[in-house]
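Understanding the architecture of this molecule
Okay, here's what each chain looks like letter by letter:
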Amino acid sequence: MKIASLVLRALPADFPEIKAALAGIPGVEIHGASEEVGRIVVTVEDGEGWSVTDSILAVNLAPKVQAVTLAYEYTDDGLELTEA
């Protein structure tokens, strides 16, 4: 499992268009938005047929998104190697 949390910067007037675009990206879920400061918080989770990397790139390229900051990333890949 891989998961990431992103903070998007955008103009408040563009939020409806951005939210519509995000709804079409696999693994993306909106968790909060603040029009006062122009930020949207989302998580991206991998799944069957898509990767977190591809979805993050799609978020970054979504219309009207001005900036994307990676706030958190987790993967359980390789954990079986650390268990004794």
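Residues numbered from 1 in each chain as written. Predicted model: local features only at pLDDT ≥ 70, side-chain atom pairs only at ≥ 80, totals over all residues. Heavy atoms only, no water.

1. So, the nonpolar core
Using the following cut-off: Throughout this description, the term nonpolar core refers to a set of buried Ala, Val, Leu, Ile, Met, Phe, Trp, Tyr and Cys residues connected via side-chain atoms within 4.5 Å. In this scheme, a residue with accessible area under 20% of its type's maximum is buried, one over 50% is exposed, and one in between is partly exposed, where area comes from a 1.4 Å probe on protein chains only. Working rule for contacts: check all heavy atoms of both residues, and any pair within 4.5 Å makes them a contact.
Leu 8, Ile 18, Leu 22, Val 28, Ile 40, Val 42 and Val 59 are the most contacted members of the largest nonpolar core, which totals 16 residues. Setting aside anything within four residues of it in sequence, one finds Ile 18 in contact with Leu 8, Ala 10, Ile 40, Pro 63, Lys 64 and Val 65.

2. Thoughts on unusual backbone geometry
Its identity as a non-glycine residue notwithstanding, Lys 64 has a phi of 75°, on the positive side. Exposure remark for Lys 64: the relative accessible area of 42% places this residue in the partly exposed category.

3. A few points about the confidence of the model for the chain
Inclusion rule: Along the chain, pLDDT gives the predictor's confidence residue by residue, from 0 to 100. Strands here mean DSSP runs of E at least two residues long; helices mean DSSP runs of H or I at least four residues long; both are numbered from the N terminus.
Across the chain, the average pLDDT comes to 93, with 92% of residues at 70 or higher. Highest mean pLDDT in the chain belongs to strand E3 (residues 39–45) (98); lowest belongs to helix H3 (residues 79–82) (65).

4. Observations regarding the pairing of E3
Where we set the bar: For two strands to pair, DSSP has to find at least two bridges joining them.
Bridge count between strand E1 (residues 2–9) and E3: 7 bridges; the pairing is antiparallel. Bridging across to E3, Ser 5 finds its partner in Thr 43. Taking the residues between adjacent antiparallel strands as the criterion, strand E2 (residues 28–34) and E3 are bridged by 4 residues, where Gly 38 takes a positive phi near 70°.

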